[in-house]
Number of protein chains: 2
Amino acid sequence: MPVEPMPHYLRIRDQLAQDIANTSLSQRLPAERELAERFCCTRVTLREALQQLETEGLLYRENRRGWFVSPPRIRYNPTRTTGFMDYVEAQGRVPRTEVLAAERRAAGPALGRRMGLDEEAEVFHILRRRWVDERPVMLEEITLDASWCPGLLDHGLDTSLTRVLREALGLSLSRSELAMHSTALVAARATPLQLTPGSPGLYVERASYVEDGRLVEWDQEFWRSDALEIVIDARYPD
Amino acid sequence: MPVEPMPHYLRIRDQLAQDIANTSLSQRLPAERELAERFCCTRVTLREALQQLETEGLLYRENRRGWFVSPPRIRYNPTRTTGFMDYVEAQGRVPRTEVLAAERRAAGPALGRRMGLDEEAEVFHILRRRWVDERPVMLEEITLDASWCPGLLDHGLDTSLTRVLREALGLSLSRSELAMHSTALVAARATPLQLTPGSPGLYVERASYVEDGRLVEWDQEFWRSDALEIVIDARYPD
């Protein structure tokens, strides 16, 4: 079977992506005219390649100043249980957690079903935005069974929640079930991440259990697609 | 800090998503007028909620026939090494693998660097499309070090590649490194998946090694965002 020829702009995209990976491109790209000459293509084809890399999150554009290489993605291994503040810092970046809202409320029917609680059961609902190097990268909605961690809201939540639970309340989780898929971010989630509504994002759902198997925390994370790389190792059975 | 009120269409979205999860909605949704009455909202607000669920892949629309619940996502645990044909079938779905192209070529500079091969080294390049229940869900570009598996192209590749390598050639992998992120699918990848260019998708890159640590296979997968759920377990240290 013949191989369908790859469109020219995609070959240019691959070469540029390679140059970015090799950091053989300066953080600010040369002018479009210069790049078009280098790749012997039209400005139209070049712009197709640049826009493709923009949607992939490898490049971003600044009005009038041209094209720039995006900062590297934060690498996150979900099989490890290191928290955001730790794995971002370990990669030489600056993490920040901003609390947007924190309240006590009734679980309600939908969440009650999801967490195995009565509709009237009290939960803590915490909305946070997380930053890397002064760029907002993730919105998270955290729900906790209030009967498990009463008094949580008396503590500062602009840090690692796991650490607050462990160090201030002496509580620790046993295991988490994660589910993730790519999605398009709705306005209410895209705007706080400085994105246009409909931009691609990664949705991560985390259900966390204590030793006796009780579900005590249920989180939803919405990530900018250009901020995160999920990395995982797999071993084949002998 | 006050909780920003959630837009009405998002609350309707959450209720509908819950109904879908509970399969308390028939596969075909009631008429928009009926739904708008049930949620005491305008048709405009209802449509915002439905379109949000469409971008998330929970619903799809058929011209003139109305709204339908999307088939459930295939659940895939990347820490296990079960192949597509097996984990799709294990979920009571019908997997199919279609070979679009298979050729022998020189690695070239970019791929050579990535795989640690000379530019002139021979690789097998295989392009496949994978289906679930007669819906195309994933495009994959597989590159293999030809010196590791000479004669591979003499075998049928419309099945599990791992099985062909093991059973026909007596070759097996030791471990894989996976990296994944959400992205927007370019036309060349969206169209074969029956999507509009720019639709969100999941990009999965897999580098596979043999026992002695040599990288022999490098794959790129492009998934429809509504077809796949990545599921992972994490245990917290005691």
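Keep in mind that this is a model prediction, so the values were computed, not measured. (Residues numbered from 1 in each chain as written. Chains lettered and ligands numbered in written order. Predicted model: local features only at pLDDT ≥ 70, side-chain atom pairs only at ≥ 80, totals over all residues. Heavy atoms only, no water.)

**Here we look at the interface of chain B and chain A**
Then, number 1: The interface is formed by 55 residues belonging to chain B together with 55 residues belonging to chain A.
Then, number 2: Both faces considered, chain B and chain A share a buried interface measuring about 5,000 Å² in area, 54% of it formed by carbon and sulfur atoms.
Then, number 3: Viewed at the interface, chain A and chain B are joined by 19 residue pairs in polar contact (both at pLDDT 80 or more).
Then, number 4: Elements with a contribution of two residues or more to the side of chain B that touches chain A: helix H1 (8-21), helix H3 (43-55), strand S4 (95-106), helix H5 (108-115), strand S7 (175-184), helix H7 (187-190), strand S8 (200-209) and strand S10 (228-235) of chain B.
Then, number 5: Top contributing element to the side of chain B that touches chain A by residue count: S7 of chain B, with 10 residues.
Then, number 6: Looking at the side of chain B that touches chain A residue by residue, the class counts come to 29 nonpolar, 14 polar and 12 charged.
Then, number 7: By the bridge criterion, six bridges tie strand S10 (residues 228-235) of chain A to S7 of chain B in an arrangement that is antiparallel. Each residue of the ladder has a partner; that of Ile230 of chain A, found in S7 of chain B, is Met180 of chain B. (Contact = heavy atoms within 4.5 Å. Buried area = accessible area lost by both parts, 1.4 Å probe. Polar contact = N/O pair within 3.5 Å; in protein donor to acceptor, adjacent residues only side chain to side chain. Helix = DSSP H or I, 4+ residues; strand = E, 2+ residues; numbered from the N terminus. Nonpolar A, V, L, I, M, F, W, Y, C, P; charged D, E, K, R; others polar. Pairing = 2+ DSSP bridges.)

**A few points about unusual backbone geometry**
Residues and elements named next belong to chain B.
Then, number 1: A positive phi angle is found at Asp133, which is not glycine, with a value near 50°.
Then, number 2: Even without a glycine there, the phi angle at Gln194 is positive, about 60°.
Then, number 3: With respect to the helices and strands, Gln194 occurs in the loop between H7 and S8.

**Here we look at the pairing of strand S9 (residues 215-224) of chain B**
Residue and element names in this part refer to chain B.
Then, number 1: Within S9, 10 of the 10 residues are buried, which leaves it mostly tucked inside the rest of the structure.
Then, number 2: In this structure, strand S6 (residues 135-145) lies alongside S9, joined through seven bridges in antiparallel fashion. Its bridge partner lying in S9, Met138 is registered against Trp223.
Then, number 3: Judged from the nine bridges that link them, S8 and S9 form a sheet pairing that is antiparallel. Opposite Ser208, over in S9, you have Glu217 as the bridge partner.
Then, number 4: The antiparallel pairing of S8 with S9 creates a hairpin that spans five residues between the two strands, and Gly213 there sits at a positive phi of about 90°. (Buried < 20%, exposed > 50% of the residue type's maximum accessible area, 1.4 Å probe, protein only.)

**Some points on the pattern of salt bridges**
Then, number 1: Per the counting criterion, the structure on display carries 40 salt bridges over all chains.
Then, number 2: Note that Glu221 of chain B is salt-bridged to Arg206 of chain B, the shortest N-O span being 2.9 Å. Here the residue Glu221 of chain B occupies a position in strand S9, and Arg206 of chain B occupies one in strand S8, the gap between them amounting to 15 residues.
Then, number 3: A single salt-bridge network, built from bridges that share partners, covers Glu32, Arg43 and Arg47 of chain A. (Salt bridge = Lys/Arg side-chain N within 4 Å of Asp/Glu carboxyl O.)

**Concerning the relation of the copies chain B and chain A**
Then, number 1: With an RMSD of 0.1 Å, chain B superimposes on chain A once it is rotated by 180° and translated 0.1 Å along the axis. The transformation just described matches what one would write down for a two-fold rotation axis.
Then, number 2: Interface residue correspondence from chain B to chain A reaches 100%, placing this contact among same-surface, isologous pairings. (Least-squares fit on C-alpha atoms with pLDDT ≥ 70 in both.)

**Points about the domain arrangement of chain A**
Then, number 1: What the domain assignment reports for chain A is domain 1 (8-69) and domain 2 (74-230).
Then, number 2: Placing the centre of domain 1 of chain A and that of domain 2 of chain A at their C-alpha centroids yields a distance of 35 Å. (Domains from an automatic or database assignment.)

**Overview of the pairing of S8 of chain B**
Looking along a regular strand, one sees the side chains alternate between the two faces of the sheet.
Residues and elements named next belong to chain B.
Then, number 1: Burial of S8 is extensive: 10 of the 10 residues sit out of reach of the surface.
Then, number 2: Residues Pro200, Leu202, Val204, Arg206 and Ser208 point to one face of S8 and Gly201, Tyr203, Glu205, Ala207 and Tyr209 to the other, with burial holding for every one of them.
Then, number 3: Sheet topology note: the S7/S8 ladder contains 10 bridges and is antiparallel. In the sheet register, Ala184 faces S8, and the bridge partner there is Pro200.

**Observations regarding the sheet that holds S10 of chain A**
Then, number 1: Spatial strand order, S3(A)-S10(A)-S7(B)-S8(B)-S9(B)-S6(B)-S5(B)-S4(B): eight strands in an open sheet with mixed pairing. In this open sheet, the two edge strands, each paired with only one partner strand, are strand S3 (74-76) of chain A together with S4 of chain B. Strand-to-strand twist in this sheet, taken as the mean axis angle between neighbours without regard to direction, amounts to 20°.
Then, number 2: Docked against the sheet, H5 of chain B engages S4, strand S5 (122-132), S6, S8 and S9 of chain B, running at close to 110° with respect to S9 of chain B. (Axes fitted to C-alpha atoms, helices over the stretch in contact; angles between N-to-C directions.)

**With respect to the sheet that holds strand S3 (residues 74-76) of chain B**
Then, number 1: With mixed pairing, the eight strands of this open sheet are ordered in space as S4(A)-S5(A)-S6(A)-S9(A)-S8(A)-S7(A)-S10(B)-S3(B). If you trace the sheet from one side to the other, it starts and ends with strand S4 (95-106) of chain A together with S3 of chain B, each paired once. Each strand axis lies, on average, 20° off the axis of its neighbour in the sheet, ignoring direction.
Then, number 2: Across the face of the sheet, helix H5 (residues 108-115) of chain A comes into contact with S4, strand S5 (122-132), strand S6 (135-145), strand S8 (200-209) and strand S9 (215-224) of chain A while running at roughly 110° to S9 of chain A.
Then, number 3: Seen against the sheet, helix H6 (residues 161-169) of chain A touches S5, S6 and S9 of chain A and runs at an angle of roughly 40° to S6 of chain A.

**Quick word on the packing of H1 of chain B against H3 of chain B**
All names here are of chain B.
Then, number 1: Close contact between H1 and H3 brings their axes to 8 Å; oriented N to C, the two are set at 55°. Viewed along their axes, H1 and H3 adopt a mutual orientation that is oblique. Considering only the axes of H1 and H3, their crossing is right-handed. Between H1 and H3, the residues in contact are His8, Tyr9, Leu10, Ile12, Arg13, Leu16 and Ala17 and Thr45, Leu46, Glu48, Ala49, Leu50, Gln52 and Leu53, respectively. (Parallel < 35°, antiparallel > 145°, perpendicular 65-115°, else oblique. Left-handed = near helix turned anticlockwise from the far one by under 90°.)

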